[in-house]
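What follows is each chain in one-letter form.
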Amino acid sequence: MRQRAVDQPSAHAAAPRQRIFTSRTDREVKQLRGLQLPGSSLQVFQVGSREDPRFDIKVIFEPAYFASRGVDRVSEPLCFWIHLPSSYPFQVPLVTCDSLAWSFSALSPDHLWLKILPDEWTPSATMEMVVGKIRELADDQGVCEAKGQGVLEIPWTGWVVLGAVVARLAVGLGGHSGFGTPPMYGDFEAQRHWKEITVNLPIGDWYFSTDDNDLLYWGLDYPPLTAYHSWAVGKIFQLIVPDAVSLFSSRGFGSNDATAWFRHWMRCSALLSDSLVFVPALVFFCFRGLLVAEGVGQRWRSRCFCLAVFCPPFLLIDHGHFQYNCVALGLVLWTVNFASCRRPLLAALCFSCALLYKQTMLYFAPAVFAYLLGKSWWTTVEENDRVHRRFAGVRAVLQSVLCLGCVTILTFSVVLAPIVFCTSSGSVISVSAAQRAAQLFRRVFPVDRGIYEDFVANFWVLTSPVLKLRHAAASGQSSKQFWLMTSTVTTLLAFLPACVDLFFHPTRRRFMMSLAQTSLAFFLFSWQVHEKAILLPLLPIVLCVPFLGGACLTFGLVASFSLLPLLEKDGLTVQAMASTMAWLGVACVVAGRFGFMSYAGSSFYHLIFKGKVWILVSCNMLATFCHSIPGADLMLLRGRSAGGMWVPFPEAVESLTRTHPTPSCYWFVLSLPVATCACVVLVLARVAFAPPKQFPHLHTYANSAFSCLVFASSFVILFGAQRRQPKFDNLSSSEMKTKDL
């Protein structure tokens with residue numbers, strides 16, 4: 001909505017009601033301008049049309065304001081907006097906060113009026129009274145912010161990282177993929193075997209079937225950076241435990257009782273990789289990167305870091321099941337960090353390395369491409385007190401695109417050259433460079449495996465009882481080509497809207513949400529998806545908790561639940577349950593609220609006799625796990641009149657704004673408790689009831705179907721959330737440049 005400074009408010013008086021409105025506003029504005037608040041400023045803007053004028057008042061408290069009150073540790077300004085409705089003073093003004101650096105007792109800064117305004121708004125109340133309430137809130141919050149009460153400060157990051165390391169070690173005490181299941185064992189043996197072949201065979205033989213390299217026994221099928229990583233770790237093992245990587249004789253080493261001790265060495269390699277790549281990228285993201293650039297304060301940055309570093313799937317897959325996903329995800333996170341810091345060439349370099357480490361990082365490629373192209377294509381300008389985008393020019397676009405392309409091509413060339421242009425031995429000595437490249441492509445993208453293998457929580461498994469896709473996709477070459485093309489087109493159509501929106505509005509927030517949508521689109525609709533691929537959309541969704549709130553917890557909970565069949569095979573059920581409950585407990589701690597204890601007896605009486613017991617239960621559970629945040633108009637409010645009770649969002653919105661809440665409000669209020677109950681019921685059914693003989697995979701399918709429905713719902717809601725984000729970086733309220741009155 002366009003805003004412009006108020007020059008002559010009384011000139012807009014058209015109807016009698018508007019004249020009364022304008023006259024009172026003029027009088028109150030003059031009173032406000034007479035207030036002398038050292039270290040703060042006040043601005044008034046007119047919004048809307050001349051026929052229906054409305055006013056917004058902006059109150060800014062600078063760090064100097066808090067310094068004058070003896071609070072020296074406040075480094076970020078506090079900005080409030082007072083939005084006067086067209087029916088003012090007969091309707092309560094809306095007070096919002098633009099400063100994400102501040103947290104107000106678990107309240108959404110978009111709904112602070114419950115905190116600072118009286119319980120019953122009357123037309124006799126004035127704006128001077130509202131500003132006074134804002135001053136009281138700022139003073140209280142400034143002291144709280146300075147003392148760091150109830151938050152994790154940056155010096156605590158080291159202790160949090162130490163706790164994350166301990167959690168990873170604890171998960172590693174359990175089993176791993178394929179333990180005691182010869183002759184193929186599992187992913188643990190695959191990772192060990194890759195170290196075996198890379199340290200014992202010439203580089204030209206790594207991707208070819210030879211006498212010494214049987215591709216049917218866990219042949220290398222990841223891109224070259226994974227091979228180089230395996231070679232580096234294998235060289236260390238060759239010095240410390242040479243029997244673990246000896247050719248042929250080491251098969252199954254660490255996956256049987258006699259050599260089970262070796263798994264601790266392997267887990268140390270995963271922990272070291274995690275600590276060197278993923279954790280530093282996460283620290284930079286939360287405390288130096290995108291969250292700082294978006295103005296997210298220390299409290300929410302600490303909460304985001306805790307939730308991400310303790311997220312159960314990241315612990316269970318890499319340090320339980322055993323893989324090195326942390327390296328690829330860390331490279332993707334470094335891509336986001338450099339892109340948010342306006343270093344597109346470094347972002348292109350990191351993302352190219354991520355693609356060359358694990359091919360599934362292609363799930364993020366459409367969003368990264370759209371963001372970098374949008375940043376190159378558009379330039380932000382200010383004209384006539386408005387900020388908008390325009391074409392940057394052919395020369396600037398070509399220069400930027402050529403630089404990005406050169407970095408990408410150079411990175412691929414350096415990494416692929418040792419594999420493609422190398423000397424080999426034996427039967428592959430005469431293979432050309434083109435044939436080597438083709439063989440590498442076939443190994444990295446094995447389309448012959450079918451549309452899915454296990455019961456992954458995606459669309460094709462959900463519809464498999466009706467479409468019989470596994471049989472149809474494997475019935476012949478023509479059928480396979482048809483379903484391959486169908487899945488490709490479906491995936492393209494799923495992520496295209498998010499990428500188009502990101503191209504036209506390349507902001508940091510939309511970039512993160514587009515990363516989540518494109519990866520989730522691939523997970524739901526693409527060819528040959530594994531359960532572990534849920535880690536990809538989970539990463540950006542968890543990191544969007546300052547913008548999406550408790551919905552991220554729902555997705556994280558169901559993502560952990562969707563991995564249960566895989567983890568059950570590895571003997572990691574206890575670790576999965578414990579880590580998930582502990583993660584939700586961490587969410588309670590960082591939220592700083594324990595909603596189950598926040599009700600007085602009068603609250604129960606009030607809700608029971610109004611027939612709102614179901615709202616009490618759902619809102620209480622949600623309040624336990626999450627805060628609301630700016631932009632997420634879907635959470636809970638807290639009022640004073642109910643004795644400290646949590647007031648349900650729909651009732652608060654309907655009573656205070658006279659508007660009916662949207663269905664998405666109820667979705668976010670009920671999603672976490674409903675998802676929690678459903679997961680508990682399905683787990684109990686899995687334990688208590690054996691599946692019928694004619695449906696041996698009934699429990700696994702129920703797990704996948706429920707998870708798929710939640711993921712699909714999250715995909716739709718994510719696009720709506722992306723569309724509601726600001727269209728410009730760091731322009732949160734109006735996205736327009738305004739002038740003082």
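Residue numbering note: each chain is counted from 1, following its sequence as written. Two thresholds apply to this predicted model, a pLDDT of at least 70 for residue-level local features and 80 or more for giving and counting side-chain atom pairs, whereas whole-chain, interface and lining totals are computed over all residues. Side-chain measures here rest on the full set of heavy atoms in the structure, leaving out hydrogens and waters.

Caption draft 1: Spatial organisation of the packing of helix H12 (residues 325-340) against helix H21 (residues 508-525). Helix axes use the C-alpha atoms of the stretch in contact, all axes being lines fitted to C-alpha atoms, and the angles between their N-to-C directions lie in the range 0 to 180 degrees. A run of H or I in DSSP becomes a helix once it reaches four residues, and a run of E becomes a strand once it reaches two; helices and strands are each numbered from the N terminus. Packing of H12 against H21 leaves a shortest axis separation of 11 Å and a crossing angle of 160 degrees. Classified by the angle between their axes, H12 and H21 sit roughly antiparallel to one another. The handedness of the crossing between H12 and H21 is right-handed. Side by side, H12 and H21 meet where Val-336, Ala-339 and Ser-340 of the first sit next to Arg-508, Phe-511, Met-512 and Leu-515 of the second. Should an angle fall under 35 degrees it is called roughly parallel, over 145 degrees roughly antiparallel, and 65 to 115 degrees roughly perpendicular, with every other angle called oblique. By convention the crossing between two helices is left-handed if the near helix lies anticlockwise of the far one by an angle smaller than a right angle, and right-handed if it lies clockwise. Contacts were defined at the residue level, with two residues in contact if any of their heavy atoms lie within 4.5 Å.

Caption draft 2: Spatial organisation of the side chain of Ser-376. Considering the arrangement of structural elements, one finds Ser-376 in helix H14 (residues 365-377). Pairs of N or O atoms are called polar contacts if they sit within 3.5 Å, as long as, within protein, a hydrogen donor faces a hydrogen acceptor (for residues adjacent in sequence, only side-chain-to-side-chain pairs). A polar side-chain atom of Ser-376 sits 2.6 Å from a polar atom in the side chain of Ser-400. The contact partners of Ser-376, leaving out residues within four places of it in the chain, are Ala-392, Val-397, Ser-400 and Leu-404.

Caption draft 3: Representation of the nonpolar core within the structure. Joining through side-chain atoms within 4.5 Å is the link that ties buried Ala, Val, Leu, Ile, Met, Phe, Trp, Tyr and Cys residues into a set, and such a set is a nonpolar core. Here the term buried applies to any residue with accessible area under 20% of the maximum for its type, exposed to any over 50%, and partly exposed to those in between, with areas from a 1.4 Å probe on protein chains only. Judged by nonpolar contacts, the single largest core of 134 residues is most densely connected at Phe-523 and Phe-711. A total of eleven residues in this core trace back to one element, the largest contributor, which is H21. The contacts of Phe-711, once residues within four sequence positions are left out, are Ala-457, Leu-520, Phe-523, Leu-524, Ile-534, Phe-555, Val-558, Ala-559 and Ser-562. Counting residues in hydrophobic clusters, the runner-up holds 18 residues, among them Leu-32, Leu-42, Val-59 and Ile-134.

Caption draft 4: Representation of the packing of aromatic side chains. Note on ring pairs: Phe, Tyr and Trp rings are taken, using the six-membered ring of Trp, and paired if centres are within 6.5 Å. Classes follow the plane angle, with under 30 degrees stacked, over 60 edge-to-face and the rest tilted. According to the stated counting rule, one finds 28 aromatic pairs in the structure shown. Measuring from centroid to centroid gives 5.2 Å for Phe-237 and Phe-262, while their planes differ by 70 degrees, and the two rings are edge-to-face. Separated by 25 residues along the polypeptide, Phe-237 in helix H7 (residues 224-240) and Phe-262 in helix H8 (residues 262-287) bring together distant segments of the chain. Accessibility classification places Phe-237 together with Phe-262 in one group, the buried group. Among the aromatic side chains, those forming a connected cluster through ring pairs are Trp-377, Trp-378, Phe-391, Phe-503 and Phe-504. The positively charged end of Arg-251 is found above the aromatic ring belonging to Tyr-217, 4.1 Å away from the centroid. In this analysis the charged atom, NZ for Lys or CZ for Arg, is taken to sit over a ring once it is within 6 Å of the ring centre and within 35 degrees of the ring normal. If you follow Arg-263 out to its NZ or CZ, it ends over the ring of Phe-179, 5.7 Å from the centre.

Caption draft 5: Structural view of the packing of helix H5 (residues 157-172) against H8. Contact geometry for H5 and H8: axes closest at 11 Å, N-to-C directions at 145 degrees. By crossing handedness, the relation of H5 to H8 is classed as right-handed. The residues of H8 that touch H5, namely those facing Thr-157, Val-161, Val-165, Arg-168, Leu-169 and Gly-172, are Arg-267, Leu-271, Asp-274, Val-279, Val-283 and Phe-287.

Caption draft 6: View of a nonpolar patch on the surface. By definition, no residue in a patch forms a salt bridge, and every one has over 30% relative accessible area; like charges are joined within 9 Å, nonpolar side chains (Val, Leu, Ile, Met, Phe, Trp, Tyr) within 5 Å. To measure how exposed things are, a 1.4 Å probe is used in the Shrake-Rupley method; for residues, cover is taken only from the protein chains shown. One side-chain nitrogen of Lys or Arg within 4 Å of one carboxyl oxygen of Asp or Glu is enough to make a salt bridge. On the surface, Ile-236, Leu-239, Ile-240, Trp-261 and Trp-265 cluster together into a nonpolar patch covering about 550 Å² of accessible area. For the nonpolar patch, the element with the most residues is H7, which contributes three residues. Residue position: Trp-261 is located in the loop between H7 and H8.

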